[in-house]
Amino acid sequence: MLFVLSTWRSLRQRMLTTWCCYTEAMYFAGRLGGWLAQEYLWRLAETNALDVHSPTPNEQARMRSLMKKYQNVPMDLADASLVALAETRGISTIFTLDKDFFIYRWNDTNVFNVVPDLRT
C-alpha cells in the first residue's frame, strides 16, 4: 500500500473524479479510516486538489451503454462514470486500484494507462 501512496504523491496534476467515485471513496474511507479519512477527502475537494465532476446527460447515457457492454465484468456505476468522463475529456491515464480498467476501453478501442500498474 505504501507504493500506492507514493505513486499518488508523485502525481503533479490536479486530480479529477466523478461524484459516483467520490461517493464510493467516502464509503471506503469511512470503513477503513473513519471520519479522519473522510475529512481528508473533503479537504482535497475543498482545496481544489480534487475536482469532483457531475456527469452530464450525455455522459449518463454513455454510462448506461458501458454498463450494458461490460455487464459480464460487471462494470459498476463508478467505473462507468470514469470511462465516460475520460472519453469526454480525452483522458487516457487513470489512477485506480481497480484491475478492471485493464479490460475497459475508452472510445471502445483505446487502452487506459493505469497508475499504479499493480498487475505484477
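Residues numbered from 1 in each chain as written. Predicted model: local features only at pLDDT ≥ 70, side-chain atom pairs only at ≥ 80, totals over all residues. Heavy atoms only, no water.

Q: Lay out a nonpolar patch on the surface in plain terms, naming residues and giving numbers.
A: A surface patch of nonpolar side chains, about 380 Å² in accessible area, is lined by Tyr27, Phe28 and Leu32. Position of Phe28 among the secondary structure elements: in helix α2 (residues 19-46). For Phe28, a relative accessible area of 41% gives the class partly exposed. (Patch = residues over 30% accessible without salt bridge, like charges linked within 9 Å, V, L, I, M, F, W, Y side chains within 5 Å. Areas by Shrake-Rupley, 256 points an atom, 1.4 Å probe, with all protein chains shown as cover. Salt bridge = Lys/Arg side-chain N within 4 Å of Asp/Glu carboxyl O. Helix = DSSP H or I, 4+ residues; strand = E, 2+ residues; numbered from the N terminus. Buried < 20%, exposed > 50% of the residue type's maximum accessible area, 1.4 Å probe, protein only.)

Q: Give me helix α4 (residues 77-89): which residues, what numbers.
A: For α4, built from 13 residues, the straight-helix expectation of 18 Å at 1.5 Å per residue is met to within 8% by its first-to-last C-alpha distance of 18 Å. Along α4, 10 of the 13 residues are buried, which leaves the element largely enclosed by surrounding structure. Among the residues making up α4, those that are buried are Ala78, Asp79, Ala80, Ser81, Leu82, Val83, Ala84, Leu85, Ala86 and Glu87. Of the surrounding secondary structure, the elements contacted by the buried residues of α4 are β1 (15-18), α2, β2 (50-53), α3 (57-69) and β4 (105-106). Here α4 starts with a cap whose side-chain oxygen sits 3.2 Å from the backbone nitrogen of Ala78, and that cap is Asp76. (Expected span 1.5 Å × (residues − 1). Contact = heavy atoms within 4.5 Å. Polar contact = N/O pair within 3.5 Å; in protein donor to acceptor, adjacent residues only side chain to side chain.)

Q: I'd like to hear about the pairing of β1, residue by residue, with values.
A: For β1 and β2, the ladder comprises four bridges, and the chain directions are parallel. Its bridge partner lying in β2, Met15 is registered against Leu50. Handedness of the β-α-β unit built from β1, α2 and β2 comes out right-handed. (Pairing = 2+ DSSP bridges. Right-handed = clockwise from strand over helix to strand, strands pointing away.)

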